[in-house]
Amino acid sequence: MNQRPNSLHASDIAHSMHPYTNMRLHEEKGPMIMASGNGARVTDSDGKEYIEGLAGLWSVAVGFSETRLADAAYEQLKKLPYYHSFAHKAHEPSIRLAEKIVEMTPEGLNRVFFTNSGSEANDTVVKMVWFLNNGLGRPEKKKFLSRTKAYHGITIASGSLTGLAGNQKDFDLPAIPVTHLTCPHYWRYGEEGETEAEFTARLLKELEDTIIAEGPETIGAFIGEPVMGAGGVMTPPEGYWPGVVDICHKYDILVVSDEVINGFGRTGARFGCERYGFTPDILVSSKQLTSSYMPLAAIVVNDKVYNAIADNTAKLGNFGHGFTATGHPVSCAVGLENLKIIEEDDLMGNAKRLEPLFQDGLRAFADHPLVGEVRGVGLIAGLEMADKKTKQPIGKPGAVAAKVAALAAEEGLICRNVYDSVALCPPLIITEDDVKEIHARLGRALDRTL
Ligand code: PLP
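Everything numeric here is computed off the predicted structure, so don't read it as measured data. (Residues numbered from 1 in each chain as written. Predicted model: local features only at pLDDT ≥ 70, side-chain atom pairs only at ≥ 80, totals over all residues.)

S.K.: Before we go on, may I ask you to explain the overall build of the protein in this structure?
M.R.: Looking only at helices and strands, the protein has 17 helices and 15 strands in total. For 450 residues, the compact-globule estimate of 2.2 N^0.38 gives 22 Å, and the protein sits close to it at 22 Å. Over its C-alpha atoms, taken along the principal directions, the protein stretches across nearly 65 × 60 × 45 Å. In the protein, 70% of the contacts between residues at least 6 apart in sequence involve partners at least 24 apart. (Helix = DSSP H or I, 4+ residues; strand = E, 2+ residues; numbered from the N terminus. Rg over C-alpha atoms; globule rule 2.2 N^0.38 Å. Contact = placed C-beta atoms within 7 Å.)

In structure tokens:
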């Protein structure tokens with residue numbers, strides 16, 4: 001590692017503050033600086049190449065060297081580098097991308113609002129739910145239902161929806177009214193002797209009991225990731241999602257599908273909600289929307305939500321919400337091109353085709369002494385490092401997963417340790433050979449951790 005006083009490493013240590021980082025440790029350790037990308041691989045500033053097994057942060061669907069996206073950005077920068085969407089203004093990239101998103105998302109989701117990040121999108125969803133319920137004359141219908149271990153972002157409202165202590169401790173969150181229900185992870189939260197169907201029934205009962213106890217007239221929306229991502233990749237039990245939607249709709253509670261990770265093919269279906277057989281009232285997407293080449297998130301809503309919001313804007317004369325870069329033309333041009341590539345190259349089909357190879361190869365590690373559970377769908381998976389019998393972490397919580405991820409990097413595979421799990425989520429362009437290489441490198445890392 002280059003530690004010369006004028007090196008990038010030294011400059012980073014001297015001047016930067018990193019997200020999700022122990023800053024004092026960083027002062028000693030310094031950064032891993034990524035210098036370039038090619039397909040599913042990235043190369044660091046020391047010239048070492050890695051398979052990017054997490055697609056950056058669950059996001060680079062088309063890989064790290066898609067020149068069509070670079071060209072789309074450059075062309076848009078030359079033509080109209082910036083314009084906004086406030087007060088009846090518009091531009092072609094955001095119009096075309098909204099049209100494309102409506103075409104791709106499930107039937108009934110007809111209107112798009114853009115933000116720059118998933119966190120901003122979920123904050124916007126909170127404000128939309130509050131705004132529409134005020135407009136409908138039911139100002140008390142404001143609470144959100146979420147789940148423990150959910151990840152919905154880190155801003156004040158979205159961080160409150162998140163159900164992870166690490167994002168809340170010392171930030172004084174939750175700061176908005178949110179009830180966190182049981183995480184739908186059967187292996188971890190199923191009781192002794194309880195079947196998966198009984199577990200689902202218990203969680204649905206908890207949901208309905210909570211709604212009744214708190215009063216349906218006080219609850220605005222339920223939010224969830226179809227497959228939970230940053231909390232450790234948890235797939236829901238059979239029947240869970242359709243049951244959640246039925247109960248919420250019975251009490252006039254909106255259902256928000258947070259597909260910031262799940263969207264655009266990640267789960268082996270176009271959207272996680274389609275994989276699990278439900279249609280939300282609001283769908284949130286980001287990350288693979290532009291392959292994260294540019295920051296962008298999209299909230300897609302059904303007519304019921306749109307009409308309630310639109311009616312209130314007519315009453316008030318305005319929707320007093322939006323960002324300078326809402327629907328930024330360069331982000332939207334890149335997003336549109338990215339979705340075209342995903343369709344033309346059938347990258348969602350690739351995820352579905354490679355699912356058995358990817359998942360079966362990982363499930364082969366279920367017998368490994370350090371692995372408690374392997375789970376996943378499509379091209380997203382988590383391996384929980386735990387004692388198989390007690391299901392408790394082996395040693396200090398998080399330590400084994402951190403060591404596996406560090407050794408995997410030495411082996412030339414980037415994955416992410418989240419709590420006690422090791423998460424994998426490779427680019428959708430991944431090949432069969434690289435999937436096998438992921439298995440081989442991860443296997444060596446696991447064996448070296450023993
Ligand atoms: N929602 C989900 C499901 C996410 O996974 C994330 C980020 O990982 C977010 C929201 C927040 O997105 P951002 O980091 O762009 O604010």
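Having seen the model, we can carry on.
S.K.: Can you walk me through the site of the ligand in this structure?
M.R.: In the neighbourhood of the ligand, 14 residues make up the surrounding shell, with Ser 117, Gly 118, Ser 119, Gly 153 and Val 260 lying closest. No other element matches helix H6 (residues 118-135), which puts three residues into the shell around the ligand. (Near = placed C-beta within 6 Å.)

S.K.: Where do I start with the sheet that holds strand S4 (residues 109-115) in this structure?
M.R.: Through backbone hydrogen bonds, the strands of a sheet pair up, either in parallel or in antiparallel fashion. Pairing is mixed in the open sheet, where seven strands are placed in the order S4-S10-S9-S8-S7-S5-S6. Each edge of the open sheet is held by one strand with a lone partner, namely S4 and strand S6 (178-181). Put simply, the sheet's adjacent strands are angled 20° from each other on average, direction ignored. Note: strand S9 (residues 282-285) against strand S10 (residues 297-302), four bridges, orientation antiparallel. Residue pairing across strands places Val 284 opposite Ile 299, the latter belonging to S10. Sheet strands touched by H6: S4, strand S5 (143-147), strand S7 (219-224), strand S8 (254-259), S9 and S10. Its angle to S10, the strand with the most contacts, is close to 30°. Packing against the sheet, helix H13 (residues 303-316) makes contact with S4, S8, S9 and S10, and its axis sits at approximately 95° to S10. (Pairing = 2+ DSSP bridges. Axes fitted to C-alpha atoms, helices over the stretch in contact; angles between N-to-C directions.)

S.K.: What's the story with unusual backbone geometry in this structure? I'm lost.
M.R.: In most cases, non-glycine residues show a negative phi, while peptide bonds are predominantly trans. A cis amide bond, omega 0°, links Leu 173 with the succeeding residue Pro 174. Tracing the chain through its elements places Pro 174 in the loop between helix H8 (165-168) and S6. A positive phi angle, close to 45°, is found at Lys 287, a residue other than glycine. Checked against the element boundaries, Lys 287 lands in the loop between S9 and S10.

S.K.: Before we go on, may I ask you to explain the packing of helix H5 (residues 92-104) against helix H14 (residues 329-344) in this structure?
M.R.: H14 packs onto H5 with a crossing angle of 40° between their chain directions and a minimal axis gap of 8 Å. Crossing handedness for the pair H5 and H14: left-handed. Only Pro 329, Cys 332, Ala 333, Gly 335, Leu 336 and Leu 339 of H14 make contact with H5, whose side of the interface consists of Pro 93, Ser 94, Arg 96, Leu 97, Lys 100 and Met 104. Taken together, the residues of the contact of H5 with H14 sort by class into eight nonpolar, two polar and two charged. (Left-handed = near helix turned anticlockwise from the far one by under 90°. Nonpolar A, V, L, I, M, F, W, Y, C, P; charged D, E, K, R; others polar.)

S.K.: Explanation requested: the sheet that holds strand S12 (residues 380-385) in the structure shown.
M.R.: One open sheet holds the four strands; their spatial order is S11-S12-S15-S14, and the pairing between them is antiparallel. One side of each edge strand has no neighbouring strand; the edge strands of this open sheet are strand S11 (371-377) and strand S14 (416-418). Averaged over all adjacent pairs, the angle separating strand axes in this sheet is 25°, with direction ignored. Two elements, S11 and S12, share six bridges in a ladder whose sense is antiparallel. Residue pairing across strands places Gly 376 opposite Ala 381, the latter belonging to S12. Packing against the sheet, helix H16 (residues 399-410) makes contact with S12, S14 and strand S15 (421-424), and its axis sits at approximately 175° to S14.

S.K.: Honestly, the domain arrangement of the protein in this entry has me stumped. Any pointers?
M.R.: Taken domain by domain, the protein holds domain 1 (32-62 + 346-449) and domain 2 (69-344). In this structure, domain 1 and domain 2 have C-alpha centres spaced 26 Å apart. Of all the elements in the fold, those that place two or more residues in the side of domain 1 that touches domain 2 are helix H3 (55-59), helix H15 (347-363), S11, S12 and S15. The element contributing the most residues to the side of domain 1 that touches domain 2 is H15, with five residues. The residue inventory of the side of domain 1 that touches domain 2, partitioned by class, reads 15 nonpolar, six polar and six charged. (Domains from an automatic or database assignment.)

S.K.: Can you help me understand helix H11 (residues 240-250) in this one?
M.R.: Counting along an α-helix, one turn takes 3.6 residues, and residues three or four places apart therefore face a common direction. Among the residues of H11, those classed as buried are Tyr 240, Trp 241, Gly 243, Val 244, Val 245 and Cys 248. The secondary structure elements touched by the buried residues of H11 are helix H10 (196-214), S7 and S8. Downstream of H11 by a residue or two, Asp 252 has a phi angle that is positive, lying close to 55°. (Buried ≥ 20, exposed ≤ 12 C-beta atoms within 10 Å, placed from the backbone.)

S.K.: Looking at this model, I keep getting lost on the pairing of S10. Mind explaining?
M.R.: With five of six residues buried, S10 is to be regarded as a mostly interior element. Inspection of the sheet shows S4 paired to S10 by six bridges, in the antiparallel sense. Within S10, the residue paired with Phe 114 across the bridge is Ala 298.

S.K.: How should I be thinking about the nonpolar core in this particular structure?
M.R.: As a rule of thumb, nonpolar side chains are buried together in soluble globular proteins. Core analysis: the largest hydrophobic core is formed by 125 residues, its most contacted members being Ile 299 and Cys 415. Here this core takes eight residues from H14, the largest share from any one element. Taken domain by domain, this core gets at least three of its residues from each of domain 1 (32-62 + 346-449) and domain 2 (69-344). (Core = buried A, V, L, I, M, F, W, Y, C linked by C-beta atoms within 7 Å.)

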